[in-house]
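Architecture and fold: a report
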Amino acid sequence: MDKQRLKFYYGIILIVVGIAVFIRVPHVIPQIETIEFFKNKIGIIKFCSYFIGFLLVLAGSIRMVKNHKK
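Okay, so let's go over this structure. (Residues numbered from 1 in each chain as written. Predicted model: local features only at pLDDT ≥ 70, side-chain atom pairs only at ≥ 80, totals over all residues. Heavy atoms only, no water.)

**Thoughts on the packing of aromatic side chains**
For clarity, the threshold we go by: By convention, a stacked pair of Phe, Tyr or Trp rings (six-membered ring in the case of Trp) has centres within 6.5 Å and planes under 30 degrees apart, an edge-to-face pair has planes over 60 apart, and any other such pair is tilted. Each residue is assigned to one of three classes by its accessible area relative to the maximum for its type, calculated with a 1.4 Å probe on protein chains only: buried under 20%, partly exposed between the two thresholds, exposed over 50%. Any Lys NZ or Arg CZ that is within 6 Å of a ring centre and within 35 degrees of that ring's normal is treated as a charge sitting over the ring.
Using the criterion set out here, one finds five aromatic pairs in the structure. Summarising the aromatic geometry, the rings of F37 and F38 are spaced 5.2 Å apart at their centres and angled 75° between planes, so their arrangement reads as edge-to-face. Residue F38 is classed as partly exposed on the basis of its relative accessible area of 30%. By way of ring pairs, the aromatic residues F47, F51 and F54 are connected into one cluster. Directly above the aromatic system of F37 lies the positively charged group of K41, at a separation of 4.5 Å from the ring centroid.

This is the structure we're talking about:
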């Protein structure tokens, strides 16, 4: 397998993991809310979780587009 194809598939994996983060966050937030320390900080935890998912999708998309152009 050549390096260009490997980078393309890595981009796909990044996108899938980013989408999985978006799907998983609503299920995990109620569990995090039960921890006393994080009760007041739940907004920032949601923001950070969704932001990480967005960055994963963005990075995967950029990697796929750059490798598709070559």
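This is not the end of the story, as more comes after the structure.
**A few points about a positive patch on the surface**
Heads up, the condition is: A patch consists of residues exposed above 30% relative accessible area that lack any salt bridge, with like charges linked at up to 9 Å and nonpolar side chains (Val, Leu, Ile, Met, Phe, Trp, Tyr) linked at up to 5 Å. The accessible surface values rely on the Shrake-Rupley method and a 1.4 Å probe; as for residues, cover is taken only from the protein chains in view. Criterion for a salt bridge: a side-chain nitrogen of Lys or Arg within 4 Å of a carboxyl oxygen of Asp or Glu. Under the counting rule used here, the positive set is Lys and Arg, the negative set is Asp and Glu, and His together with the chain ends is not counted. Charge coordinates come from a single atom per side chain, which is NZ of Lys, CZ of Arg, CG of Asp or CD of Glu. For the purposes of this entry, the term helix denotes a DSSP run of H or I that reaches at least four residues, the term strand denotes a run of E that reaches at least two, and both are numbered from the N terminus.
A grouping of K3, K7, R63 and K66 is seen on the molecular surface, where their side chains present a positively charged patch. Structurally, K3 is set in helix 1 (residues 3-33).

**Quick look at helix 1**
The condition is simple: Residue count minus one, scaled by 1.5 Å, sets the expected span of a helix. Bend, in this description, refers to the angle at a residue between axes fitted to the seven residues ending there and the seven starting there.
The end-to-end C-alpha distance of helix 1 is 43 Å, a good match for the 45 Å that 31 residues give at a rise of 1.5 Å each. At V25, helix 1 shows its maximal bend, which comes to roughly 40°, and the proline P26 appears one to four places after that position.

**Description of a nonpolar patch on the surface**
A cluster of nonpolar residues, I19, F22, I23, I44, F47, Y50, F51, F54, L55, L58 and I62, forms a patch on the protein surface that exposes about 1000 Å² of accessible area. Every element with two or more residues in the nonpolar patch is listed here: helix 1 and helix 2 (42-69). Element by element, the count of residues in the nonpolar patch is highest for helix 2, at eight residues. Structurally, I62 can be placed in helix 2. Judged by relative accessible area, which is 42%, I62 ranks as partly exposed.

Nothing here speaks to function; it is geometry throughout.
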